[in-house]
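Understanding the architecture of this molecule
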4 protein chains.
Amino acid sequence: MIVILKQNAKKPSVDHLLTDLTGLGLKTDLISGEQKQIITLIGDVTKVDIESLLARECVENVRRISEPYKEANRKFHPTDTVIEVAGQKIGGGHFCVMSGPCSVETEEQIIGVAERVKAAGANFLRGGAFKPRTSPYAFQGLRAEGIELLLKAKQATGLPIVTEIMSLQHLDLFADVDVIQVGARNMQHFELLKELGHCDKPILLKRGLSSTIEEWLMSAEYIMAGGNHNVILCERGIRTYETMTRNTLDISAVPLLKQISHLPIIIDPSHATGLTTLVEPLSKAAIAAGADGLMIEVHNDPGKALSDGAQSLTPDQFDGVMDSIKRQLAFEEKTIG
Amino acid sequence: MIVILKQNAKKPSVDHLLTDLTGLGLKTDLISGEQKQIITLIGDVTKVDIESLLARECVENVRRISEPYKEANRKFHPTDTVIEVAGQKIGGGHFCVMSGPCSVETEEQIIGVAERVKAAGANFLRGGAFKPRTSPYAFQGLRAEGIELLLKAKQATGLPIVTEIMSLQHLDLFADVDVIQVGARNMQHFELLKELGHCDKPILLKRGLSSTIEEWLMSAEYIMAGGNHNVILCERGIRTYETMTRNTLDISAVPLLKQISHLPIIIDPSHATGLTTLVEPLSKAAIAAGADGLMIEVHNDPGKALSDGAQSLTPDQFDGVMDSIKRQLAFEEKTIG
Amino acid sequence: MIVILKQNAKKPSVDHLLTDLTGLGLKTDLISGEQKQIITLIGDVTKVDIESLLARECVENVRRISEPYKEANRKFHPTDTVIEVAGQKIGGGHFCVMSGPCSVETEEQIIGVAERVKAAGANFLRGGAFKPRTSPYAFQGLRAEGIELLLKAKQATGLPIVTEIMSLQHLDLFADVDVIQVGARNMQHFELLKELGHCDKPILLKRGLSSTIEEWLMSAEYIMAGGNHNVILCERGIRTYETMTRNTLDISAVPLLKQISHLPIIIDPSHATGLTTLVEPLSKAAIAAGADGLMIEVHNDPGKALSDGAQSLTPDQFDGVMDSIKRQLAFEEKTIG
Amino acid sequence: MIVILKQNAKKPSVDHLLTDLTGLGLKTDLISGEQKQIITLIGDVTKVDIESLLARECVENVRRISEPYKEANRKFHPTDTVIEVAGQKIGGGHFCVMSGPCSVETEEQIIGVAERVKAAGANFLRGGAFKPRTSPYAFQGLRAEGIELLLKAKQATGLPIVTEIMSLQHLDLFADVDVIQVGARNMQHFELLKELGHCDKPILLKRGLSSTIEEWLMSAEYIMAGGNHNVILCERGIRTYETMTRNTLDISAVPLLKQISHLPIIIDPSHATGLTTLVEPLSKAAIAAGADGLMIEVHNDPGKALSDGAQSLTPDQFDGVMDSIKRQLAFEEKTIG
C-alpha cells in the first residue's frame, strides 16, 4: 500500500501517521521528492481502512498495490479448484452444463425438461424455486414446493440440482440441493454469504448486476473465509448502456479470472443477452475463452413460461446447441462431468 | 401494452395469441399495416409476462406503455406522501437532515456526535450498526450492540434514529428504531422488502448501485404492496465509468421522481461522491432541485473512523454545512422537521 | 412508429397531429382504449423527427418499431457483404488478420514487424501514422511520414495496409492506403463519414467508446448512404465501470450484428482489454462467436514502444497466438484471406 | 509516478529500467520491501509512456500521482479564469445564460427567438448551423446559411452568438462567431482542438458522451497548449444505463472542477435530460452547485422544430424559468454578464 502525502503536509501530522501505521505492525518507508512525499506500507494491509487514511489531514491519496482477496487468489493457491459434487466434477478441465427452466412450474414440466436436457448431455438440472422478480405482481416461484419438485426430477433422472437461495431463513429447505446458487441481486447480501461459508455445499456465485471483478472475488472471499472453499463463479452479463442485449456479457472475465484466481468460472449466456439466438455462438465463445461450464435456460414451452420465456430454448433447440457445444469441447479436449 | 408481430406472422399463431390474451381479461385490437401488424392491449397488464410473449413464434417485440408501479405512482396518488415519525415530518414541504457516523463505534462517540449534529440542526441521528463491507476482513459493525448504543444516543438527545437492516433475521432488534434503512446492496433483496411491507415503521429505501429509477420504484412497490406506505427514497449516487467521484449523483432523479411519484426523496451526498469537499455544494443543489431531505455523514474523528472516514465531515465542518443548508432552505421557504 | 397520446389529449390537438402526419405521406390509425389512445404510423418514417412529435402537447411517448438503418440492414440486403481489396477478401467466410504496431516509428521497425506478422500468417499490416492521444504532450504519430513508411513496408512485404484517418484535410495522403480506419473517437465525426462515403476504399469503422450498436450502424449508414458500401465494423471494447480491463469487449455484438446486418465484423482484442495475456483467448472466442477477422497489435519491442506498449505482443508471442488462431479457424472451416 | 515491480523482477531488468528512467531526466528511488519493490519517479513525467513501462518484463503496475494536465490545473493557475467576449464576462462570479434553438431554421425564427430570450434575460444566443445527427437522413442544419442567419440575429439584438463547429474545413465561416462550440461527439477530435488552440476566440468545450473529467480537461489542455486559454467547460450529461432521462447530469462535476481547475464551467440541462420539465429544477441546482452559466434550448414552436423539439422550452416557458434563475442568482449574489 502506498500513501501519497499532501504537498503541504506538516511534519507532526506525518509523524503521527507513521506512528499509527507502525502500531498496526506494518513496515513503513517515507520517501521525499521535490513535489511529493510518499509512504510505502509493507505487511498485512487487509485491515487498514483506506477511507480513514484518506481522512487524515496530511494524506492526499492511498493506492493499494496488492490484491485484497487471499483465499480466492491464485498467487496463494496456484492449483485449479476442482469442485466434486454428486459424482460430477467442475473445474480443472472438467466442464459442466447446467440446464433447465427459469422457474419450476409443475412436476410434469420439470421432469419433462430434466429428461430432455439429460438426454442432450447436460449434467446438472437448474430450475428456480425462489424467484427474484423486479415486480411484486409477477410470479414469485413455487418456493418450498418448487424445491420438492426439483428433488423429484433429480430422483427421476439422477441429475444433481442447482437452485437459487434468496434468504437465510430458507436455508433448511436446501438440505438436499446439490449446488446452492446465489443470484446477481444477492451477490453482496453479506449475511447470506457468511452463513453459506459455514455449509458444506458448493456455492454458485453469480456476478452482481454491476459488480467489478474484484468485488465479485471479495464476495467469494466472504464464503471462503468461513471455511467453504467450494465456490463456482458465474458470469451472467453486466449492466451497460447498450440496450439491444439485456446485459453485456463480459467474456474477458473468463481468461482474466483464470489468471488471478483458481476458482472455476462458468458462463450464463441466457441471462447475459436475453436472446435465444445468441446462446449457441456465445456458448462456443465461452468454451474458446476457457470457461469451465455453461448455464443455459431450457423450457418445454417458452411462450407459456411463467418467467423469462424469451431467453429460454426449447428442448429441440437445446439439442442443436448441445451438438455444437460438444464439438467445441472435443476440439478443446474437455469433457462434460 | 403493444405487441408488435413479425412480418411473416402466421394467422393461426396470431389467432391463438389473441385468444390467450382475451382469456386474461384484456381488450385487444389487431391493426394491420403494409409492413407491420400490431396488437394493442388495454386492461390490467401487470400480470402479463412480457418475456413469454416475446417467446411466441409470431411476436417480434412488446412495448409497455403504462408504468408497472401503482402504489408509488403519482397518477393514482396525486398528493405528496408525508411521513410522520417521532414528532418529525418528511415530505410535502417538510425537510429532514439525517446525520451521524458511518459506523457506531462507542457510546461516547455516538452520543458525542449526536449532540453535535442536533446542535447544528439535524433532526435525525443516523449510524450504522450492521455494516455491509466489500471485504470480509473489514470492520463489520457492532451489530446488536450498535443498535443499543444508538438507542442510548436517542435517549440522550431525543433525536429519532435511522439505521440499516441487512437481514430479515435481525428484524426483532429494530423494534425501537424509528426509521429502518434498506441499503443500496439490498434494494432488490425482495424477501426483506416483502417482510418490511408488513411492519409499521418508515422505510428509507436507498437506490441500488446501478438500479434504474423504475426498478427502484418497483422495490418501493414491494414494500407498499404489503401495506406499508411509509417509504422514503434516497438517491446515493449510481455506478458509472467516472472515477474521480466514488459514484455519480443522479440529481435529475429528484425532480423526475417528484413528477412520477408521491414519495419523499432525499439525497446522500456523502456516499454519492465520497468527497467531503463536495457535501456542501451538493446539499445546496439537492435543495434547489426539490429534495425532501439530506443524509450526511459526520464523525468525531474521521481519520480514525472504522469505516468511510474519507467522506465524513467533522462536527465543525458540519456546522458550516448546516449554516449553508439553512440559508438555502429559508430561500426555498422550507423548514426542517 | 407508434405515437402514444396523453390521457387528457384534446381532440383538436389530436386532429391537428393526424393531419400533419398524413401530410407527410404516412398512413395513420387512431386506436382508442379506456386508458390510452394510440396512433400507428405506416410508411417511410425515417424523416419523422421523434423529438418534435414528443414536443406536441397531446403526445406522451413515441416508439419506433422498425430499424432506422437501411443500407446496413440485413432485412433489405440478405447476403453477406464481402469486401475485396488488394487480392484479399473479408466477410462471407473469408477471415482477415490485421496486425502491426500501434504507432509507426521507424522504417526498420515497421518493415521488421511487417515481415514477422506476414510470416506468422497475418494478411494485412496495421500501423498508426496519425495517433489520437488523450494528452497533447504524448507522441502524436509520424503523420505523413508514417504513411510513407507504411507504404514502404507494403512494398517490401506485399501486405495491404490499414491506417487511421483523423481529419478530412489529410484525405489526400491516404491515396495509396488500402483500408482507411475511422477510430473510436471519430465514429460520430459525421463530416468525415460523409466524405468517406464518396471514396472508393474500404472503411474500417471502429465502434465508439460508448456507442450503441444502433448508433454504430447509423455511422456505417452515413458512409453507405454516400455510395461507399465497403464498410467493415470493428468492435474494440466499450466503456463500462469495470477497471481491470481497459474496456469491456462486447462479444455479443458479433453474433447480433451477423443477424441484423450483412457487414463484416472484426474484433480488436488488444484495445478491448489492454492486456496482452488476454489476446489469445479472446481471439479464439471471437472466431467461435463468428467474427470475420481480428486486429492485433504487435511491436518489435513493446517496452520501448512510443504508444500502447502494454497491449502489444512481441513477434514471438504473436507466432504463438497465430498458431492458436489457425487451429480455431481450421475447426470452423474458415480461411485467412 | 510510482512503478510497482513484479515479485520476481530480475536485477538486470530493473537496473536497465532505472538507467532508462534516469536518462529521461527523472529522479528515481528504488524501495525494497518483503513483498514488493517500488520505484518512485520525481520530475516531469508528462512524457513518460505508461503503456510502455507496463510492457517491461519487470513491471507489474504503474500509478500516476500527479495530474497530467498543467494549463487547466488550478494548482498552477490558482485564479479563476474570466472569459471576456463582446462585452460579456463568464467565470469568476460572472454568470452567463446561452439560449436559443437547437437548429437555426429561418431568419424569422432565429430573430424571433433571439428577441424573446434577450427580453427574458439571456446574454448569449445559441443556435445550431452545423448539426451532428445520428442519422444521415435527419436534418443536418442550414450550415453556412445558418451562420449567416445567426449573425443577422446578432445584429438585430446585440446578443453575441455561440454555435458549433463540426470540421476544421469550416473554420473560416466562424470568423464573426463570438464563441465556438465543440460538441460532445468532437471532444476528442484532436486535430480540431489543436487548430482551435491557435485561434483567439473563446471555445465552449462540451464533455464527451462518456468522457471522464480527466479526459475532458486533457481536451481543454489540447486547446490551451496551443496558446488559446479561453476555454469554457460545459457539462451536458453523461451516458449511463438509466433510460428515463436521455443522459445523466453529472452535477458533482461542477464543484469538483471548481477545485481542480480554474476554467469556467456551465451546465446544459436541456441535453442532459431531454425533458423540458426538468430544466428549471436543474438550472437552480446548477447555480446552487456553483456553475458559471447555463445553456438552455428555446424554440418558438417545439412541436414543429426540425431537431430536438422535445427538450426545447417555448419562449413563454423560458420566461418562467428565467424568473426562477434570476431569483436563485440574486440569492447567490451573482449577476448575468
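Per an unreviewed UniProt entry, the recorded name for chain A is 3-deoxy-7-phosphoheptulonate synthase, and the organism is [Clostridium] methylpentosum DSM 5476.

Now for the packing of helix 9 (residues 279-289) of chain C against helix 10 (residues 315-331) of chain C. Residues and elements named next belong to chain C. Put simply, helix 9 and helix 10 touch, their axes get as near as 10 Å, and they point 20 degrees apart. Classified by the angle their axes make, helix 9 and helix 10 are roughly parallel. The interaxial crossing formed by helix 9 with helix 10 has right-handed handedness. Touching V279, E280, S283, K284, I287 and A288 of helix 9 are G320, V321, S324, I325, Q328 and L329, all from helix 10. Each residue belonging to the contact of helix 9 with helix 10 can be placed in one class, and the counts come to six nonpolar, four polar and two charged.

Attention shifts here to the interface of chain B and chain A. Each partner contributes residues to the interface: chain B has 54 residues there, and chain A has 54 residues. Across the interface of chain B and chain A, roughly 4,300 Å² is buried in total on both sides, 49% from carbon and sulfur atoms. Across the pair E51 of chain A and R246 of chain B runs a salt bridge whose closest N-O atoms are separated by 2.9 Å. Counting every contact that joins chain B to chain A gives 26 residue pairs in polar contact (both at pLDDT 80 or more). Elements with a contribution of two residues or more to the side of chain B that touches chain A: helix 1 (11-23), helix 2 (50-55), helix 5 (190-196) and helix 6 (213-225) of chain B.

Our focus in this paragraph is the domain arrangement of chain A. As far as domains go, chain A holds domain 1 (2-63) and domain 2 (83-336). Between the C-alpha centres of domain 1 of chain A and domain 2 of chain A there is a distance of 44 Å.

With that settled, the discussion passes to the interface of chain C and chain A. How large an interface is tends to be reported as the accessible area lost when its parts come together. Tallying the contact residues gives 38 residues for chain C and 38 residues for chain A. Both sides of the chain C and chain A interface together cover about 3,000 Å² of buried area, and 68% of this is carbon and sulfur. At the junction of chain C with chain A, the criterion picks out four salt bridges. When the shortest N-O distance is used, the salt bridge between E332 of chain C and K284 of chain A registers 2.9 Å. Sorting the residues of the side of chain C that touches chain A by element identifies helix 6 (213-225), helix 7 (253-260), helix 9 and helix 10 of chain C as the ones contributing at least two each. When residues in the side of chain C that touches chain A are grouped by element, the largest group, six residues, is from helix 9 of chain C.

On to the packing of aromatic side chains, then. Scanning all chains against the criterion turns up 10 aromatic pairs over all chains. Here F331 of chain B and F331 of chain D contribute two aromatic rings whose centre-to-centre distance is 4.5 Å and whose plane-to-plane angle is 10 degrees, an arrangement assigned as stacked. With F331 of chain B in helix 10 (residues 315-332) and F331 of chain D in helix 10 (residues 315-332), this pair bridges two chains. By relative accessible area, which is 27% here, F331 of chain B ends up partly exposed.

About the criteria used
Residues numbered from 1 in each chain as written. Chains lettered and ligands numbered in written order. Predicted model: local features only at pLDDT ≥ 70, side-chain atom pairs only at ≥ 80, totals over all residues. Heavy atoms only, no water. Axes fitted to C-alpha atoms, helices over the stretch in contact; angles between N-to-C directions. Helix = DSSP H or I, 4+ residues; strand = E, 2+ residues; numbered from the N terminus. Parallel < 35°, antiparallel > 145°, perpendicular 65-115°, else oblique. Left-handed = near helix turned anticlockwise from the far one by under 90°. Contact = heavy atoms within 4.5 Å. Nonpolar A, V, L, I, M, F, W, Y, C, P; charged D, E, K, R; others polar. Buried area = accessible area lost by both parts, 1.4 Å probe. Salt bridge = Lys/Arg side-chain N within 4 Å of Asp/Glu carboxyl O. Polar contact = N/O pair within 3.5 Å; in protein donor to acceptor, adjacent residues only side chain to side chain. Domains from an automatic or database assignment. Phe/Tyr/Trp six-rings, centres within 6.5 Å; stacked < 30°, edge-to-face > 60°. Buried < 20%, exposed > 50% of the residue type's maximum accessible area, 1.4 Å probe, protein only.

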